[in-house]
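Results of the structural survey
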2 protein chains.
Amino acid sequence: MKSQSTEDYLKAIYQLQEMQNGEPVSTSTLASWLGVANASVTGMVKRFSSADPKLVEYEPYTGFVLTDAGEKIALEVIRHHRLIECYLSQALGYSWDEVHEEAERLEHVISEAMEDRMAQALGNPISDPHGDPIPDREGNLHQLNVIPLTQLAVEQPGTIRRVIGQEPDLLRYLAEQGLVLSAHIKVISKAPFNGPISIRIVNSSETILALGREVAEKILIQPSSNTR
Amino acid sequence: MKSQSTEDYLKAIYQLQEMQNGEPVSTSTLASWLGVANASVTGMVKRFSSADPKLVEYEPYTGFVLTDAGEKIALEVIRHHRLIECYLSQALGYSWDEVHEEAERLEHVISEAMEDRMAQALGNPISDPHGDPIPDREGNLHQLNVIPLTQLAVEQPGTIRRVIGQEPDLLRYLAEQGLVLSAHIKVISKAPFNGPISIRIVNSSETILALGREVAEKILIQPSSNTR
DNA sequence: CAAAATTATTAGCCTGACCTAAATCTTATT
DNA sequence: AATAAGATTTAGGTCAGGCTAATAATTTTG
Ligand SMILES: [Mn+2]
Ligand SMILES: [Mn+2]
Ligand SMILES: [Mn+2]
Ligand SMILES: [Mn+2]
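The rules behind these values
Residues numbered from 1 in each chain as written. Chains lettered and ligands numbered in written order. Predicted model: local features only at pLDDT ≥ 70, side-chain atom pairs only at ≥ 80, totals over all residues. Heavy atoms only, no water. Donors = N, O, S within 2.8 Å, 3.2 Å for Na, K, Ca; no water. Buried < 20%, exposed > 50% of the residue type's maximum accessible area, 1.4 Å probe, protein only. Helix = DSSP H or I, 4+ residues; strand = E, 2+ residues; numbered from the N terminus. Near = heavy atom within 4 Å. Polar contact = N/O pair within 3.5 Å; in protein donor to acceptor, adjacent residues only side chain to side chain. Nonpolar A, V, L, I, M, F, W, Y, C, P; charged D, E, K, R; others polar. Pairing = 2+ DSSP bridges. Contact = heavy atoms within 4.5 Å. Buried area = accessible area lost by both parts, 1.4 Å probe. Salt bridge = Lys/Arg side-chain N within 4 Å of Asp/Glu carboxyl O. Domains from an automatic or database assignment. Expected span 1.5 Å × (residues − 1). 1 Å grid on protein atoms, 1.4 Å probe; cavity = no way out; pocket = protein on both sides within 12 Å on 5 of 7 lines; lining within 4 Å. Points joined across faces, edges and corners; volume = space filled by probe spheres on them.

This part covers the coordination of the manganese ion (ligand 4). All names here are of chain B. Here the manganese ion (ligand 4) is held by E85 (OE), D128 (OD), H130 (ND1) and D132 (OD), and the distances to it run 2.1 to 2.7 Å. Each donor residue of the manganese ion (ligand 4) belongs to the same chain, and together they define the spacing E-x42-D-x1-H-x1-D. D128 sits in the buried class, given a relative accessible area of 4%.

This part is about the coordination of the manganese ion (ligand 2). All names here are of chain A. Listed as protein donors to the manganese ion (ligand 2) are E85 (OE), D128 (OD), H130 (ND1) and D132 (OD); their distances from the metal cover 2.1 to 2.7 Å. All donor residues of the manganese ion (ligand 2) come from one chain, and their arrangement in sequence is E-x42-D-x1-H-x1-D. Here the residue E85 occupies a position in helix α4 (residues 68-92), and D132 occupies one in the loop between α6 (112-121) and β3 (147-148), the gap between them amounting to 47 residues. In this structure D132 comes out as buried when scored by relative accessible area, which is 5%.

Around DNA strand D lies a shell of 21 residues, among which A:S3, A:S40, A:R47, B:S28 and B:Y58 are the nearest. In the interface set of DNA strand D, defined as its atoms within 4 Å of the protein, sugar plus phosphate atoms amount to 84%. Between DNA strand D and the protein, one listed contact pairs a phosphate oxygen with a side-chain N or O atom of A:S40 at 2.3 Å. Within the residue set of the surface near DNA strand D, elements represented by two or more residues are α1 (4-19) and α3 (38-49) of chain A together with α2 (27-34) and α3 (38-49) of chain B. Its residues assigned to classes, the surface near DNA strand D shows 10 nonpolar, 9 polar and 2 charged.

Before going further, it helps to examine the sheet that holds strand β4 (residues 157-163) of chain A. Pairing is antiparallel in the open sheet, where 6 strands are placed in the order β3-β8-β4-β5-β6-β7 (chain A). Where the open sheet ends on each side, the last strands, each with one partner, are β3 and β7 (208-211) of chain A.

Quoted interface sizes are often the accessible area lost when the parts come together. With 18 residues of chain A at the contact, the number on the chain B side is 18 residues. Buried area between chain A and chain B, summed over both chains or domains, comes out near 1500 Å², and the portion from carbon and sulfur atoms is 56%. Summed over the three residues of chain A that lose the most area to chain B, namely A:L92, A:V109 and A:R117, the buried surface amounts to 41% of that side. The interface formed by chain A and chain B contains 2 salt bridges. Between A:R117 and B:E98 there is a salt bridge; the shortest N-O distance is 3.1 Å. Inspection of the region where chain A meets chain B yields 11 residue pairs in polar contact (both at pLDDT 80 or more). It is α6(A) that contributes the most residues to the side of chain A that touches chain B, 5 residues altogether.

Right, let's talk about the pairing of strand β1 (residues 56-59) of chain A for a bit. Residue and element names in this part refer to chain A. Examined bridge by bridge, β1 and strand β2 (residues 63-66) share 4 bridges and lie antiparallel to one another. For E59, the partnering residue across the bridge sits in β2 and is G63. Hairpin connection of β1 to β2: 3 residues between the antiparallel strands, including Y61 at a positive phi of 70 degrees.

Residues and elements named next belong to chain B. With respect to the secondary-structure elements, D128 resides in the loop between α6 (112-121) and β3 (147-148). There is a polar contact of 2.7 Å between the side chain of D128 and the backbone nitrogen of H130. What D128 contacts, discounting residues up to four positions off in sequence, is R82, E85, C86, I134 and L181.

So, about the domain arrangement of chain A. What the domain assignment reports for chain A is domain 1 (4-66) and domain 2 (147-223). Distance from the C-alpha centre of domain 1 of chain A to the C-alpha centre of domain 2 of chain A: 33 Å.

This part takes up helix α4 (residues 68-91) of chain B. With 24 residues, α4(B) extends 34 Å between its outermost C-alpha atoms, agreeing within 8% with the 34 Å of an ideal straight helix rising 1.5 Å per residue. Remark: B:G93 follows α4(B) within two positions and exhibits a positive phi of approximately 70 degrees.

Let us now look at the protein's contact with DNA strand C. Not every one of the 22 residues close to DNA strand C is listed here, only the nearest: A:S28, A:Y58, B:S3, B:S40 and B:R47. Backbone atoms, meaning sugar and phosphate, form 87% of the atoms of DNA strand C found within 4 Å of the protein. Contact distances for DNA strand C include 2.3 Å between a phosphate oxygen and a side-chain N or O atom of B:R47. Interatomic distance of 3.5 Å between a side-chain N/O atom of B:Y61 and a sugar or linking oxygen of DNA strand C. Listing elements by their share of the surface near DNA strand C, those giving two or more residues are α2 (27-34) and α3 of chain A together with α1 (4-19) and α3 of chain B. Of the residues belonging to the surface near DNA strand C, the class tally is 10 nonpolar, 10 polar and 2 charged.

Once that is clear, we can look at empty space enclosed by the protein. The full count for this structure, using the stated rule, is 2 cavities of 30 Å³ or more. Along its surface, the largest cavity is lined by 15 residues, and A:Y87, A:M114, A:M118, B:Y87 and B:M114 are the ones closest to its centre. Mapped onto the lining of the largest cavity, the elements with two or more residues apiece are α4 and α6 of chain A together with α4 and α6 of chain B. In terms of residues, the lining of the largest cavity owes the most to one element, α4(A), which gives 4 residues. Each residue belonging to the lining of the largest cavity can be placed in one class, and the counts come to 15 nonpolar, no polar and no charged. Counted as a void, the second largest cavity has a volume near 40 Å³. Along the walls of the second largest cavity sit B:Y14, B:E18, B:I78, B:R82, B:P133, B:L141 and B:R162, which together make up its complete lining. Those elements giving two or more residues to the lining of the second largest cavity turn out to be α1 and α4 of chain B. Of the residues that constitute the lining of the second largest cavity, the class distribution is 4 nonpolar, no polar and 3 charged.

See below:
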């Protein structure tokens, strides 16, 4: 098994690549994501690119991308992470703002046997408590058909399917407002000049919530047919 | 949190001290227990004894014992380990020969919150799947009233309460023979010259099992009043 | 397009946790 | 009491994963 640091680096590179549509990741992006010095990233990435098998393709001053071998490890760690999040939430009563931190350490130490047992106990879930997809044993991810709340048209109803990011404060705030997975919402209005987006939770209180764009960008919605 | 190595060293010292009735542990004993070189132990123990707070009392060429601070950490790790063993066995269907290896890594990464949730889910167990006592949050251990099977008198019935050691092969073998926790047994005979001990499982088959002294030494029995 | 600002790499250092080989201390044996 | 055997420590080295400070490359900007 790779070290905890190696696994966290590869996972982070995978996630940054994903956020950047496959673009090479830069040293400083990864460094600030992981909270280490730039020089530490350069050092690690150089080692990854001369490991056998090579884990990243590294072009100095340009950036790096995962090789197939590196991606495989990243996906294994992500599978662990998200299964653990599910398990903690379902079996041990964790709330969605608590699971991430615990999973961040557990992901590196569980055996394949434990992974399998948890998956089985959970009925092979395909997404975690935040709606993030769980790779299967072969590393395949299902694709959700979602758009950011910022892009949902006014009056267009939709369902919350995923929340990007793990900040506990934000997750707790959203849950308090009733903005949880599977909640049905409708955009009432979008203030101009990047102003807040006002939404209503369908079949619930009539209260209207105003969300900043930053937050709305992180809420992914599956649009549903317009029920007038 | 201390490093995984530090936690494993302190736990090992605790367990060796326990096995030696509080005698100082020697460098080579700990080295072979942990599977590292003697020089590695000397190095680690020196660091422990000059840490703040001091974790071991170290007398060169003589040995070392845990300080209160060191023992506190050891007991925390042991609590983690044994709770995890229980949890894996109860909640995820692990058998008693599988739990140890998994717990050996998980013990270092679970949060206090997870410890509490597992303990609660299990109803605050006081012993693990091998009958090893689980320290409570303050580090208190309950004491079992048991003797090794080798010391049980012929015809004296008793109950298996604990099995010392974690070798999966031995544990599997014992389970196959019906020698599990709570099994009622009776010694039929003890062969002389350190020969095997023959026992019978009460209320079960009439089969007589012959156990070597090495094995019998590891099976701890709570004697019961002689029925008959 | 040259200078300034930004970003990345290199150089050099540190700590934890290991190792082997050499030196030293302790204990047992003659 | 001297020596041999055994246990332990010291010396010196490696490797991963971090750091800071100095240097070099790239990008932005006046
Ligand atoms: Mn992690
Ligand atoms: Mn998640
Ligand atoms: Mn361990
Ligand atoms: Mn145990």
